Amino acid sequence: MRPLSETVKTISESITLKYNRLALQLQREGKRVIRLTAGEPDFSTPEPVIASALTAMKTGKTRYTPAAGIPELREAVARKLSRDLGGRWEASQVVITNGGKHALHLALMSILNPQDEVVIFTPAWVSYEPQVRLAGGIPVLVETDSSYLPDVAKLKSKLTEKTKAIILNSPNNPTGAVYSPQVLEAIAEVAKSHDLYVVSDEVYRHLVYNGDHLSIASLDGMLERTIVVDGLSKSHAMTGWRVGFALAPKSIAAFMIRLMSHTTSNINTPTQWAALDALSLDTSYMRDEFKRRRDYVLERLKRLKLPHSTPDGAFYVLLDVSSISQNDTVWVEELLKQEHVATVPGSAFYAPGTVRISFAASFEELEEAFNRIERFIHKWI
Ligand code: GLU
């Protein structure tokens with residue numbers, strides 16, 4: 001047989017989804033597995049959103065829409081994000097995508113040429129690097145400092161004439177770090193002076209536990225070079241619905257829409273009408289609950305006496321197990337096998353020696369999970 005794609009050969013299955021799959025498999029076998037793997041709120045999708053989807057289906061909103069989405073939703077997203085983030089977007093700059101992941105893929109495909117370099121700060125979410133490769137680019141990994149914040153001097157030292165873009169993710173997956181205004185200002189200066197695009201993944205923007213979210217797009221001169229990625233998965237407990245938004249300069253949005261028109265076409269139509277109603281819902285009760293869980297998890301982590309990140313946002317914590325294990329993947333797999341607690345190895349996030357724990361699980365599950373983790377560590381050491 002003729003060889004398959006050399007490009008796809010360079011990437012592997014998403015590790016977050018892999019461990020989630022393994023955990024679900026064990027659950028199906030009847031094991032009481034606690035899943036602290038994929039970042040997926042355990043809340044139900046709000047009732048009014050489900051009602052809107054049903055009404056849409058019953059009233060014939062079941063046909064194709066324009067690839068970029070229904071005008072009503074694009075307008076509402078443009079209005080809401082302009083207000084929330086302090087940008088100025090029109091509906092024509094909004095693309096409704098199959099989740100944030102799809103928005104990122106379209107953005108990178110639209111801006112990169114072969115061998116263009118893209119800076120990714122590590123630890124980083126698992127899909128940025130493969131997505132840069134799929135778009136023909138070269139990922140350039142730049143380690144963050146001890147507080148998991150981008151080190152701007154290090155960033156500058158990695159720039160070449162091939163650098164095309166920087167991917168930002170604040171609040172951050174997997175560390176929970178929230179970038180300070182100073183850091184964002186400094187990155188914005190670098191982007192402007194080197195003529196770089198910024199792909200800003202802000203899908204956790206609703207989940208900030210101290211202070212406010214700041215978008216780099218709102219900083220002086222950044223709107224024309226930033227693509228903001230947002231969505232409803234994390235903020236509205238709608239992971240399975242697949243609703244993402246990209247807000248981009250007009251020429252980039254047009255490229256993204258062209259790509260969509262030949263690949264997925266529009267995201268499913270009833271979901272778009274449901275998303276329109278979701279936008280006006282207040283889901284801050286979810287954030288308040290995640291904060292309560294975060295505080296609890298930090299209390300429990302204290303007892304483990306291992307270093308860890310202190311999340312100011314999102315719903316992940318990175319636990320450093322390097323002092324008790326040579327290999328984070330082995331540690332994660334043993335924890336799953338022996339105690340049925342599913343986590344994700346930090347090496348998947350370019351943070352070897354660590355383990356990502358999602359606290360988007362119920363309070364009771366977190367309590368039980370940490371009892372099991374404690375027991376496992378005592379057995380392990
Ligand atoms: N973004 C979530 C996570 O990191 C969902 C899974 C995925 O798409 O990677 O767990």
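Each remark here, short or long, concerns the structure printed above.
Parameters and conventions
- Residues numbered from 1 in each chain as written.
- Predicted model: local features only at pLDDT ≥ 70, side-chain atom pairs only at ≥ 80, totals over all residues.
- Heavy atoms only, no water.
- Near = heavy atom within 4 Å.
- Polar contact = N/O pair within 3.5 Å; in protein donor to acceptor, adjacent residues only side chain to side chain.
- Areas by Shrake-Rupley, 256 points an atom, 1.4 Å probe, with all protein chains shown as cover.
- Nonpolar A, V, L, I, M, F, W, Y, C, P; charged D, E, K, R; others polar.
- Salt bridge = Lys/Arg side-chain N within 4 Å of Asp/Glu carboxyl O.
- Helix = DSSP H or I, 4+ residues; strand = E, 2+ residues; numbered from the N terminus.
- Contact = heavy atoms within 4.5 Å.
- Phe/Tyr/Trp six-rings, centres within 6.5 Å; stacked < 30°, edge-to-face > 60°.
- Buried < 20%, exposed > 50% of the residue type's maximum accessible area, 1.4 Å probe, protein only.
- Lys NZ or Arg CZ within 6 Å of the ring centre and 35° of its normal.

J.: Outline the site of the ligand, supporting the account with residue identities and numerical values.
T.: All residues adjacent to the ligand are T16, L17, A38, G39, K101, W125, N173, Y204, K234, Y316 and R356. Within the side chain of N173, an N or O atom sits 2.8 Å from an oxygen atom of the ligand. Compared with its free state, where it exposes 280 Å², the ligand has 88% of that area covered by protein. Classifying every residue of the shell around the ligand gives five nonpolar, three polar and three charged.

J.: How would you sum up the pattern of salt bridges? Please name residues and give values.
T.: Where charged atoms of side chains with opposite charge meet at close range, the side chains can pair. Counted by the stated rule, this structure contains 24 salt bridges. Salt-bridge contacts for E289 lead to R293; the nearest nitrogen and oxygen are separated by 3.0 Å. Separated by four residues within a single helix, E289 and R293 lie in helix α11 (residues 284-304), roughly one turn from each other. Through salt bridges with shared partners, a single ionic network connects D42, E289, R292 and R293.

J.: Let's hear about the environment of K158: which residues, and what values?
T.: Along the chain, the position of K158 falls in the loop between α7 (152-157) and β5 (163-169). Distance from K158 to L141, taken between C-alpha atoms, is 8.8 Å for residues 17 residues apart in sequence. Those residues in contact with K158 that lie beyond four places of it in its chain are V140, L141, V142 and T163.

J.: Any details on the packing of aromatic side chains? Residues and values, ideally.
T.: Counted according to the given criterion, the structure contains 10 aromatic pairs. Consider the rings of F290 and F315, whose centres lie 5.1 Å apart with planes at 55 degrees: the pair is tilted. Of the two residues, F290 sits in helix α11 while F315 sits in the loop between α11 and β9 (316-320), which places them 25 residues apart along the sequence. An identical accessibility class is assigned to F290 and F315; each is buried. Where F376 meets W380, the ring centres are 5.3 Å apart and the plane angle is 45 degrees; that geometry is what we call tilted. Of the two residues, F376 and W380 both sit in helix α13 (residues 363-380), four residues apart, roughly one turn of that helix. On the basis of relative accessible area, F376 is assigned to the buried category, the value being 1%. Judged by relative accessible area, W380 falls into the partly exposed class, the value being 28%. Three or more aromatic residues link up through ring pairs in this structure, and these residues are F43, Y204, Y285, F290, F315 and Y316. Residue placement shows K61 over the ring face of W273; its charged tip is 4.4 Å from the ring centre. R292 extends its terminal NZ or CZ atom over the ring of F363, reaching a point 4.1 Å from the ring centre.

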